[in-house]
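The primary structure of each chain is shown beneath.
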Amino acid sequence: MKNYKKFWKLGKKEFNTEIFDINKSGELVIKEGNYQYNAMDLIKKFGTPLEVTFPFVIERRLNDLFNIFNRYIKFYNYHGRFFYHYPMKVNQNKEFVLPIVSEGGNLEVSSANELWLVKKLWEQDQFNSKIRVICNGPKTTTYLGLISDLKSRGLHIVPIIEDEDELVYFTNLKSGKSIGDVGIRIDVDVKVKSHWDKKFNRFGFSAEEVLNMGKIKNLKMLHYHISSQVVQSKDLVLLLKAAIKIFIKLKKVNPALDAIDIGGGFAVPYEKKKLYPIDGVIKNIIKTLNETVAKESIEPPDIIVEWGRYLVAPAQITIFKVLHQKTIASGPAKKWYIIDGSFINDLSDTWALHQKWHVVPVNNMNAKKLIRVWLAGSTCDSDDKYTAGGHYILLPSTENLETGQYQYLAVFDTGAYQDALSSHHCLLSSPAKIIAQNGILALARRRETPDEVGKQFGW
Ligand SMILES: *Cc1c(COP(=O)(O)O)cnc(C)c1O
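Quick caveat, the model's predicted, so the values are computed rather than measured.

**Quick notes on the pattern of salt bridges**
Part 1 of the argument: For the structure on display, the rule yields 24 salt bridges.
Part 2 of the argument: For the salt bridge of Lys 274 with Glu 14, the shortest nitrogen-to-oxygen distance reads 3.9 Å. With Lys 274 in the loop between β11 (259–261) and α10 (278–296) and Glu 14 in the loop between α1 (4–7) and β1 (20–22), this residue pair connects regions lying 260 residues apart in the sequence.
Part 3 of the argument: Across the salt bridge formed by Asp 149 and Lys 119, the nearest N and O atoms sit 3.0 Å from each other. With Asp 149 in helix α6 (residues 141–152) and Lys 119 in helix α5 (residues 112–123), the pair connects residues that are 30 residues apart, well separated along the chain.
Part 4 of the argument: Taking relative accessible area as the criterion, Asp 149 reaches 24% and is therefore assigned partly exposed.
Part 5 of the argument: Beyond isolated ion pairs, a larger network of salt bridges with shared partners links Lys 119, Glu 123, Asp 149 and Arg 153.

**Section: the packing of helix α9 (residues 233–253) against α10**
Part 1 of the argument: As a packed pair, α9 and α10 sit with axes 10 Å apart at the nearest point and diverge in direction by 25 degrees. With respect to each other, α9 and α10 are oriented roughly parallel. Regarding α9 and α10, the two cross each other, and that crossing is right-handed. Residue-level contacts link Ser 233, Leu 236, Val 237, Leu 240, Lys 241, Ile 244 and Ile 248 of α9 to Val 281, Asn 284, Ile 285, Thr 288, Leu 289, Thr 292 and Glu 296 of α10.
Part 2 of the argument: A breakdown of the residues in the contact of α9 with α10 according to their chemical character gives eight nonpolar, four polar and two charged.

**Overview of the packing of aromatic side chains**
Part 1 of the argument: In the structure shown here, the tally under the stated rule is 19 aromatic pairs.
Part 2 of the argument: The interplanar angle of 70 degrees and the centroid separation of 6.3 Å between the aromatic rings of Trp 307 and Tyr 310 together place this pair among those described as edge-to-face.
Part 3 of the argument: Residue classification places Tyr 310 among the buried residues on the basis of a relative accessible area of 9%.
Part 4 of the argument: Ring-pair connections join several aromatic residues into one group, and the members of that group are Phe 66, Phe 69, Phe 82, Phe 266, Tyr 276, Trp 307 and Tyr 310.
Part 5 of the argument: Against the face of Tyr 310 rests Arg 61, its NZ or CZ located 4.4 Å from the ring centre.
Part 6 of the argument: Above the plane of the ring of Tyr 406 lies Lys 321, whose end atom (NZ or CZ) is 4.1 Å from the centre.

**Digging into a positive patch on the surface**
Part 1 of the argument: Together, Lys 241, Lys 245, Lys 249, Lys 252 and Lys 295 make up a region of like positive charge exposed at the surface.
Part 2 of the argument: For the positive patch, the leading source of residues is α9, giving four residues.
Part 3 of the argument: When you line up the elements, Lys 295 lands in helix α10.

**A short note on the site of the ligand**
Part 1 of the argument: Around the ligand, a shell composed of 15 residues is seen, among which Lys 89, Ser 228, Glu 306, Gly 308 and Tyr 417 lie nearest.
Part 2 of the argument: One of the side-chain nitrogen or oxygen atoms of Ser 228 is found 2.4 Å away from an oxygen atom of the ligand.

**Observations regarding the pairing of strand β13 (residues 316–327)**
Part 1 of the argument: The sheet contact formed by strand β4 (residues 50–53) and β13 spans four bridges and is antiparallel. Paired with Val 52 across the strands is Ile 317, a residue of β13.
Part 2 of the argument: Here β13 pairs with strand β19 (residues 408–411) via four bridges, running antiparallel. Its bridge partner lying in β19, Phe 320 is registered against Leu 409.
Part 3 of the argument: Summarising the sheet, β13 and strand β14 (residues 335–339) pair through five bridges and their orientation is antiparallel.

**Digging into the sheet that holds strand β3 (residues 35–38)**
Part 1 of the argument: The antiparallel open sheet is built from three strands, whose spatial order is β1-β2-β3. The open sheet has two edge strands with one neighbour each: β1 and β3. Pairwise comparison of adjacent strand axes, ignoring direction, gives a mean angle of 35 degrees for this sheet.
Part 2 of the argument: As defined by bridge partners, β1 adjoins strand β2 (residues 28–32) across three bridges and the pair is classed as antiparallel. Residue pairing across strands places Phe 20 opposite Ile 30, the latter belonging to β2.
Part 3 of the argument: Contacts from helix α2 (residues 39–46) reach β2 and β3, with the element oriented near 55 degrees to β3.

**Description of the side chain of Thr 414**
Part 1 of the argument: Among the secondary structure elements, Thr 414 is positioned in the loop between β19 and α14 (418–421).
Part 2 of the argument: At 2.9 Å, the side chain of Thr 414 forms a polar contact with the side chain of Thr 318.
Part 3 of the argument: Excluding residues within four positions of it along the chain, Thr 414 makes contact with Ala 313, Gln 316, Ile 317, Thr 318, Leu 347 and Trp 357.

What counts and what doesn't
- Residues numbered from 1 in each chain as written.
- Predicted model: local features only at pLDDT ≥ 70, side-chain atom pairs only at ≥ 80, totals over all residues.
- Heavy atoms only, no water.
- Salt bridge = Lys/Arg side-chain N within 4 Å of Asp/Glu carboxyl O.
- Helix = DSSP H or I, 4+ residues; strand = E, 2+ residues; numbered from the N terminus.
- Buried < 20%, exposed > 50% of the residue type's maximum accessible area, 1.4 Å probe, protein only.
- Axes fitted to C-alpha atoms, helices over the stretch in contact; angles between N-to-C directions.
- Parallel < 35°, antiparallel > 145°, perpendicular 65-115°, else oblique.
- Left-handed = near helix turned anticlockwise from the far one by under 90°.
- Contact = heavy atoms within 4.5 Å.
- Nonpolar A, V, L, I, M, F, W, Y, C, P; charged D, E, K, R; others polar.
- Phe/Tyr/Trp six-rings, centres within 6.5 Å; stacked < 30°, edge-to-face > 60°.
- Lys NZ or Arg CZ within 6 Å of the ring centre and 35° of its normal.
- Patch = residues over 30% accessible without salt bridge, like charges linked within 9 Å, V, L, I, M, F, W, Y side chains within 5 Å.
- Areas by Shrake-Rupley, 256 points an atom, 1.4 Å probe, with all protein chains shown as cover.
- Lys, Arg positive; Asp, Glu negative; His and termini not counted.
- Charge placed at Lys NZ, Arg CZ, Asp CG, Glu CD.
- Near = heavy atom within 4 Å.
- Polar contact = N/O pair within 3.5 Å; in protein donor to acceptor, adjacent residues only side chain to side chain.
- Pairing = 2+ DSSP bridges.

So, in C-alpha cells, the structure goes:
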C-alpha cells in the first residue's frame, strides 16, 4: 500500500504540516495534541468555501521562536534580549493577533487603523501595560494623533522615522511634549533573493543619510525591513551584518540606541520543498551580533524580529469543493477542476504574485487514480485560476466517487496576507471562517449573505 501520508507531505515538521494526517477512510485530519478534527466533519457542519484557523499553531510557533532565540542567547552568553513584534498587516484578524499577544508577543503596526485597534483593546483594559507597539508606515495627522494619545496614556509606542518630514516632526517636538523613544528605518544596501527584491526601495534612509543626521533625539531602535519570503538564509545574515555596521556608527553619536529590529522576511515552505531550518538562522544571528559587539566593545543590543508570514501562514487552511470539471484539450493538465470559491478573491496572491500553494484532497486521499488538473475559481474571470505556475496539480480522479459525493480540496498555509487582500469580484461571498482550538469549533465569520455583500456596494 502506498504511503499516502508521505505522498501528500503530511506530518512533516520541516514543511509545517506536522498537525495533518490521514484517517482510515482517506480523509484529512488535523491533530491538536491527542485530539483530532476531521476536515470532512467541518465541511458537513459549516459548508464550503471554508477557512479554518488554528490559533494553537500560532502559539506553538511563537513559543518555539522564543525558545530557540533564548537558547542561543544563553549558548553564546549574549547580553541583549529577544523581542518578537507581530506585523499586524500580515493578518489583522482578532483570532490571529490575540494568541500572539497572549503568548508574550508585541506588535508592529503599519497604519493608523491598525493602531486604532490597539487603542480599542487598550481602552477595554485587555493589554498588559508592558506591551510595546512599533509604528511603521506614513504618519498621517490621524496616525500622529493616535501615537501621541496612546503614549501620553502610558502605552509603550515606538514610532519609526521613515522620511525627512517625520524626522523633523519627531525630533523638533517642544520639550515637555516629548514623544519618547523613536526608531529610524534604514534601507540596507544588500541585494537579496526574493520576489520582493526591488531595484529601488522607497523605504527608509540610506546609511549615508542617517550617519549625516548627527544626534537624533531619543533614538532607541535601528530598524530595517528589506524583503519577504527571502529564499536564501545567508541573505538574512548578510543584511544583519550590513545593518550592525551602521548601528555601531550611530551608537557613537546616540548612546541610548540599544535595539536592532531586523524586520520580516523569514520564508515559508509553501511548495513543501526543503527551505532553510530556523535553528541555524537564529544561531547565526546571535553569533553575528555577539562577535560584532565583542570586537567593537559596545553594549549588546536587544534583538527584535518581525517575521510575519513565518509565524502565521501555517495556522490556516482554506477548503473548497470541486463543483464541476471540464476536459482540457491539450496542455500539461487533463482537466479543469472548478472550485466554489475564487483565487482572485480569496487567495489573491495567486493572481498578484503567482504564489504557489500546497493543495491536497480533503477526501479520497487514498485514491488509486490521480489526475493532472488545473484549478479554476468561480468568477467569470479567465485569470481566476491556479496552475502551479503553468505545471499541474495532482488530485484524485473523481470517477470512483458515489453520485452526490463531491471532491474537496484544501489549500495549506493561507494564514498570511490573503484575508486583508480579499475582494468581491462577481460579488461572490467570502469564505466562512472557523476557529479550531482545544477541541472546540467556533464560527468566527459566517458566510456573507447576498444582502451583506450588496450593502458593501451601496445596495
Ligand atoms: C510586511 C512587514 C513585515 C513582515 O514581513 P514577512 O515577510 O511576512 O515576515 C515585517 N516588518 C515590516 C516593517 C513589514 O512591512
